[in-house]
Amino acid sequence: MTVSLLLQLLVLHGACLPVSAQLCRLLGQPALPLLSVQKDINIGAIFSLHTSTLLKMHSFTLKPEPTTCVSFNLREFKFAQTMIFAIEEINNSTQLLPGIYLGYKIYDSCSSIPLTILSGMALMNGYEETLSDTSCSRPPAVHAIVGESNSSPTIGLASVVGPFSLPVISHFATCACLSNRKRYPSFFRTIPSDYYQSRALAQLVKHFGWTWVGTVRSRSDYGNNGIAAFEEAAKQEGICIEYFETIFKTDPQEQFLKTLDVIKKGTARVVLAFTASGDFVPFLKVIAQHNITGLQWVGSESWITSRTLAETKEFSFLSGAVGFAITNAKLVGLREFLVNVHPDQEPKNGLLKEFWETALRCSFMTSSNGGCTGSERLADLQNEYTDVSELRIANKVYTAVYAVAHTLHNVLKDFRSLTNNSKGERPTPQRILEYMRNVRFNVKTGEEIFFDASGDPVARYDLVNWQPAGNEGVQFKNVGLYDSSLPSEQCLQVNQEHVLWAGNTGQVPVSVCSESCPPGTRKAVQKGRPVCCYDCIPCAEGEISNGTDYSDCFPCDLEYWSNESKDRCILKVVEFLSYTEIMGILLCIFSFIGVFLTAMVSFLFYLHKETPIVRANNSELSFLLLFSLTLCFLCSLTFIGRPTEWSCMLRHTAFGITFVLCISCVLGKTIVVLMAFRATLPGGNVMKWFGPAQQRLSVVFLTLIQVVICVLWLTISPPFLNRNLSYYREKIVLECNLGSALGFWAVLGYTGLLSVLCFVLAFLARKLPDNFNEAKFITFSMLIFFAVWLTFIPAYISSPGKFTVAVEIFAILASSFGLLFCIFAPKCYIILLKPEKNTKKQMMGKSSSKAY
């Protein structure tokens, strides 16, 4: 039923007679307080002294009968008595409100929204049966209202009295929606808002590593707003909710069974119950009937410290439950006050008799066994009413009364000093509301009380754990706290070693949709499921995750690479052609073999330097060629090993100069062959133009051109050391960048030009008449040289990393061996195996025969 409909109903109940009657008479029954004392200033209060009302069907043809409330609530009656205790304590104080006595008017809402609103209207307007001309102009019957305990009735109450600026201060209504100052301008509370409790619960769930939880909430403003705030905070903490179930105390059994079936089929092992205590009890009975155990319950402050639930043996499966409760307190003298309540204090008050019957489990209607005599002692009882070890909510009632008293004290103090009014005149509700916004005081427990702009106090909670206490049932063990006034990283403090979990174990329950992804993997959300349900995918090469449950893998820096387990970045392997690897060793061996063979040939030639075959075609050029071939073999070693700036400049220039020196010598020998033939012709005198001096000069000149090219290359843009990261992702290739590609190809081009010239001349001289014509061997050597270097170009361009260097070394060695074997092997053969041919006559004889 909406508030507007309720107001219409109230207006109809208070309809007026015709104007001629001069009086308005209430048609229905006046709403009277169940507990009241009239004093100088009165405070109203509304408590759920009964948990429910009897459902009646109205015919709408007769005046409805008064609502009947059932199921006396000892906890709420304790709140009412705590309020009376606080008022009497204030009245006996000489410091607070001196000379002013507070009265009270306490109504029962029976946990009903309409009755709460009806009680609020009665507290504002009074409850006379007839209305006069002054009825609507007089001040309200009370100056503030304490209550209600539940959020939904409180919302209705605050909506009705808010426009009249009458302060409402609740001790137990925690719905975050009540912090809306536009909708509830006169609302205050001494209990923290569910906004903080929901965030605290989300942090608690995250603290224990529970990322997959189920929720059960009351189908009310308390449950709906509380879970909505929890869901928002849970998303920020990376927590997923498997199911959202709602319950209400009037639900049929079938509805409870459906909710229970959802919980049983769910995989979440942690269930958050954000429910009012009255809604939770019937659902717990259903759970107990089906023997559902093994769940870790997390509770809201509404039920987590309920002694009734804790002392019910059939709810033993709640053992190990954790949740946030309002900070506990001790109120000196309260127990003595509570146990002194007796029906004889107000013999006509049926509420006190009902309380006595409920607390002592007897009846005044029965005179035999089980009947109440009035001589029973409350002090001998141990129940929720007499227990003062858990005064968490009762203390908030106590604080609410003191907040009203301190506000009245400040108002009256200023009111008297400014107006000098007499005791009988009282301030308006608007002024009381204004002062309550700024009230600040300390209660006896030492806690400082004040309200923020939304009417909320500072949020402080105890983290409570249900633990067995032997024969005493269950104890509420404090295992941590939450304080919103602290920095965000310090708000939640948990003593985890003191927590006893479901099943009375010390092992933290596990409630996840998917197991944690280990380092080296990342989470991949399963399609169509919440983000907490995922598969663990190994990180890609070059990426790592060094913690659990990473959503993404992180790439290593350019000079680093992932290890095998993908959980750490390590320095990349630096690759270059090393002396210690097999390929480098083999190339070194071949290089030294070349040097050795060249040295052996040189030694052999030196021993036979006077023989015709050595002296033929200028022995000086032969020795110079052998020297240059030695340099060619040795220059290949500069390409092996870790490159440096100097080695990069040396290797290419040394290669270019030594090869040009070698080709220049071969070219010189080719020209000598041609000139020698010309000199043997009649009248030929060509050799004087290309004698030994000219041959030496030609070699020096041709080599000097290459030296100039290399100097220009090194001066303008020399080769340099380069850390190549593009060939391989997992390696760093140390290579020599050419600097100027033009310089490199100019060196090769000039070498190739000399080689082509040498080949052409040698080709022309290959059939010249001579018993030992060196030109044809030079032709073969040049063919090998061209074959090697023509295949070198594509191989050099396409080879990656150190293989580029290996290709270049292979080309150097192959062309060097080709020159060595083609030019010198035939001569060595004659010197060693055919010495009879190593004579001038033998070498010239055949040519003479061919001359004819």
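Shown above is the structure to which this text applies.
Figured I'd write up the structure that's included with this text.

Reading the values: the criteria
- Residues numbered from 1 in each chain as written.
- Predicted model: local features only at pLDDT ≥ 70, side-chain atom pairs only at ≥ 80, totals over all residues.
- Heavy atoms only, no water.
- Helix = DSSP H or I, 4+ residues; strand = E, 2+ residues; numbered from the N terminus.
- Buried < 20%, exposed > 50% of the residue type's maximum accessible area, 1.4 Å probe, protein only.
- Contact = heavy atoms within 4.5 Å.
- Patch = residues over 30% accessible without salt bridge, like charges linked within 9 Å, V, L, I, M, F, W, Y side chains within 5 Å.
- Areas by Shrake-Rupley, 256 points an atom, 1.4 Å probe, with all protein chains shown as cover.
- Salt bridge = Lys/Arg side-chain N within 4 Å of Asp/Glu carboxyl O.
- Polar contact = N/O pair within 3.5 Å; in protein donor to acceptor, adjacent residues only side chain to side chain.
- Disulfide = S-S within 2.5 Å.
- Core = buried A, V, L, I, M, F, W, Y, C linked by side-chain atoms within 4.5 Å.
- Pairing = 2+ DSSP bridges.
- Right-handed = clockwise from strand over helix to strand, strands pointing away.
- Axes fitted to C-alpha atoms, helices over the stretch in contact; angles between N-to-C directions.

**Remarks on the overall build of the chain**
Here comes step 1: Of regular secondary structure, the chain possesses 22 helices and 29 strands.
Here comes step 2: When burial is assessed residue by residue, the chain has 50% of its 852 residues classed as buried.
Here comes step 3: Within the chain, contacts between residues separated by at least 24 positions form 69% of all contacts whose residues are at least 6 apart in sequence.

**Some thoughts on a nonpolar patch on the surface**
Here comes step 1: Taken together, the side chains of Ile-582, Ile-585, Leu-586, Ile-589, Phe-590 and Ile-593 make up a nonpolar region of the molecular surface, amounting to roughly 540 Å² of accessible area.
Here comes step 2: Position of Ile-589 among the secondary structure elements: in helix H14 (residues 582-607).

**Description of the side chain of Lys-78**
Here comes step 1: Along the polypeptide, Lys-78 turns up in helix H2 (residues 74-91).
Here comes step 2: Here Asp-387 takes part through its backbone oxygen, which lies 2.3 Å from a polar atom of the side chain of Lys-78.
Here comes step 3: Not counting chain neighbours up to four residues away, the residues in contact with Lys-78 comprise Leu-338, Glu-384, Tyr-385, Asp-387, Val-388, Glu-390 and Leu-391.

**A short note on the state of the cysteines**
Disulfide: a covalent bond connecting the sulfur atoms of a pair of cysteines.
Here comes step 1: Here the structure, examined in full by the defined rule, presents 9 disulfides.
Here comes step 2: Between Cys-240 and Cys-532 runs a disulfide, and the two sulfur atoms are separated by 2.1 Å. Since a negative S-S torsion denotes a left-handed disulfide, the Cys-240-Cys-532 link at about 85 degrees is right-handed. Here Cys-240 is found in strand S12 (residues 240-247), whereas its partner Cys-532 is found in the loop between strand S21 (521-525) and strand S22 (534-538), with 292 residues between them in sequence. Of the two residues, Cys-240 and Cys-532, neither departs from the other in class, the shared state being buried.
Here comes step 3: Residue Cys-648 pairs covalently with Cys-736 via a disulfide, S to S 1.9 Å. With the S-S dihedral at roughly -75 degrees, the linkage between Cys-648 and Cys-736 falls on the left-handed side. One end of the pair, Cys-648, is in helix H17 (residues 645-680); the other, Cys-736, is in strand S29 (residues 731-737), and 88 residues separate them in sequence.
Here comes step 4: Cys-736 gets classed as buried once you look at its relative accessible area, which sits at 13%.
Here comes step 5: Considering cysteine sulfurs only, Cys-632 is the nearest to Cys-662, which forms no disulfide, with 4.8 Å between them.

**Examining the nonpolar core**
If you look at soluble globular proteins, the nonpolar side chains tend to sit buried side by side.
Here comes step 1: Judged by nonpolar contacts, the single largest core of 100 residues is most densely connected at Phe-47, Phe-77, Met-83 and Phe-355.
Here comes step 2: Of all the elements, helix H12 (residues 392-419) adds the most residues to this core, at 12 residues.
Here comes step 3: Counting residues in hydrophobic clusters, the runner-up holds 68 residues, among them Cys-588, Val-595, Ile-663 and Val-788.

**Observations regarding the side chain of Thr-82**
Here comes step 1: Turning to its location among the elements, Thr-82 is positioned in helix H2.
Here comes step 2: Looking at Thr-82, the relative accessible area reads 0%, which means it is buried.
Here comes step 3: Ignoring sequence-local partners within four residues, the contact set of Thr-82 consists of Leu-331, Leu-334, Ala-394 and Tyr-398.

**Some thoughts on the environment of Phe-230**
Here comes step 1: If you trace the backbone, Phe-230 turns up in helix H6 (residues 221-237).
Here comes step 2: Owing to a relative accessible area of 0%, Phe-230 belongs among the buried residues under this scheme.
Here comes step 3: Residues Phe-230 and Arg-199, spaced 31 residues apart in sequence, show a C-alpha to C-alpha distance of 6.1 Å.
Here comes step 4: Excluding residues that lie within four positions of it along the chain, Phe-230 makes contacts with Ser-198, Leu-201, Ala-202, Val-205, Val-213, Thr-215, Ile-241 and Leu-272.

**Observations regarding the pairing of strand S14 (residues 296-299)**
Here comes step 1: Here S14 shows two buried faces, one formed by Gln-296 and Val-298 and the other by Trp-297 and Gly-299.
Here comes step 2: The pairing of strand S13 (residues 270-274) with S14 spans 4 bridges and is classified as parallel. By the bridge assignment for S14, Ala-273 is matched with Gly-299.
Here comes step 3: Handedness of the crossover is the feature at issue here: the chain leaves S13, passes through helix H8 (residues 277-289), returns alongside S14, and the resulting connection is right-handed.

**Some remarks on the pattern of salt bridges**
Here comes step 1: Taken as a whole, this structure holds 17 salt bridges when the rule is applied.
Here comes step 2: Between Glu-559 and Arg-723 there is a salt bridge, with the nearest N and O atoms lying 3.6 Å from each other. Linking Glu-559 in the loop between strand S24 (554-555) and strand S25 (560-562) with Arg-723 in strand S28 (residues 720-724), this pair joins segments that are 164 residues apart in sequence.
Here comes step 3: Residues participating in the shared-partner salt-bridge network are Arg-307, Glu-311 and Asp-387.

**Considering the sheet that holds strand S27 (residues 573-575)**
Here comes step 1: Reading across the sheet, the 3 strands line up as S27-S29-S28 and stay open at both edges, with mixed pairing between neighbours. In this open sheet, the two strands that pair with only one neighbour each are S27 and S28. Direction aside, the axes of adjacent strands within the sheet are offset by 25 degrees on average.
Here comes step 2: Bridge count between S27 and S29: 3 bridges; the pairing is parallel. Counted as the bridge partner of Glu-575 is Val-733 from S29.

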